[in-house]
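# Coordinate analysis (summary)
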Amino acid sequence: ITRAKRLNQTLLDTYLLKKLITESQHDAGIKYYKLWRYSGLEPKTTSALKPVVSSGLQKARMQLGKPLTSILDSVILYNEPIKTWEVNYNVRSKTGMTVLIVGLDTLCDIWGIS
């Protein structure tokens, strides 16, 4: 049996389908998500004794800085619309996509994704 893959499972997937981001930006976002999931930092109903934060994720978050980390966390990790981030951070409407793209491009540079 062949099963179809949902191509718009996350907002990041949707932005790729709409050609708002590139394949490499999408790949960087997926890597960011996977590192976060494997780190044990994801909120759970039961807690781990000691979360393991990978050095790749920690280094990337330090290099990104708070504004870029906040939008990447909002969109990639929590699957919240960009508009929600714009309202929460009191940012002018329609600037969130630009900030997201800068964050994804920075991740591409950090991890050498082209």
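This text goes with the structure placed above it.
A brief report on the enclosed structure follows. (Residues numbered from 1 in each chain as written. Predicted model: local features only at pLDDT ≥ 70, side-chain atom pairs only at ≥ 80, totals over all residues. Heavy atoms only, no water.)

If you walk through the whole model with that rule in mind, you get one salt bridge. Arginine 61 is paired through a salt bridge with aspartate 73; the nearest N and O atoms lie 2.8 Å apart. Remark: aspartate 73 occurs in helix H4 (residues 66-77) and arginine 61 occurs in helix H3 (residues 55-64); sequence separation between them is 12 residues. You can call arginine 61 partly exposed: its relative accessible area is 28%. (Salt bridge = Lys/Arg side-chain N within 4 Å of Asp/Glu carboxyl O. Helix = DSSP H or I, 4+ residues; strand = E, 2+ residues; numbered from the N terminus. Buried < 20%, exposed > 50% of the residue type's maximum accessible area, 1.4 Å probe, protein only.)

What follows concerns the layout of surface pockets. Its volume calculated, the second largest pocket comes out at about 150 Å³. Looking at the second largest pocket, the residues that line it are Tyr15, Leu20, Ile82, Lys83, Glu86, Ser93, Lys94, Thr95, Gly96 and Met97. Those elements giving two or more residues to the lining of the second largest pocket turn out to be helix H5 (82-88) and helix H6 (96-111). Counted by class, the lining of the second largest pocket contains four nonpolar, three polar and three charged residues. (1 Å grid on protein atoms, 1.4 Å probe; cavity = no way out; pocket = protein on both sides within 12 Å on 5 of 7 lines; lining within 4 Å. Points joined across faces, edges and corners; volume = space filled by probe spheres on them. Nonpolar A, V, L, I, M, F, W, Y, C, P; charged D, E, K, R; others polar.)

When two helices pack together, their arrangement is given by the angle between the helix axes and the distance between those axes. Axis separation between helix H2 (residues 23-39) and H6 bottoms out at 9 Å; the angle between their running directions is 80°. Considering the angle they form, H2 stands roughly perpendicular to H6. Touching Ser24, Gln25, Ala28, Gly29, Lys31, Tyr32 and Leu35 of H2 are Ile101, Leu104, Asp105, Leu107, Cys108 and Trp111, all from H6. Considered class by class, the residues forming the contact of H2 with H6 number eight nonpolar, three polar and two charged. (Axes fitted to C-alpha atoms, helices over the stretch in contact; angles between N-to-C directions. Parallel < 35°, antiparallel > 145°, perpendicular 65-115°, else oblique. Contact = heavy atoms within 4.5 Å.)

Inspection of the secondary structure assignment puts serine 24 in helix H2. Exposure remark for serine 24: the relative accessible area of 17% places this residue in the buried category. Leaving out residues up to four positions away in the same chain, serine 24 has contacts with Cys108, Ile113 and Ser114.

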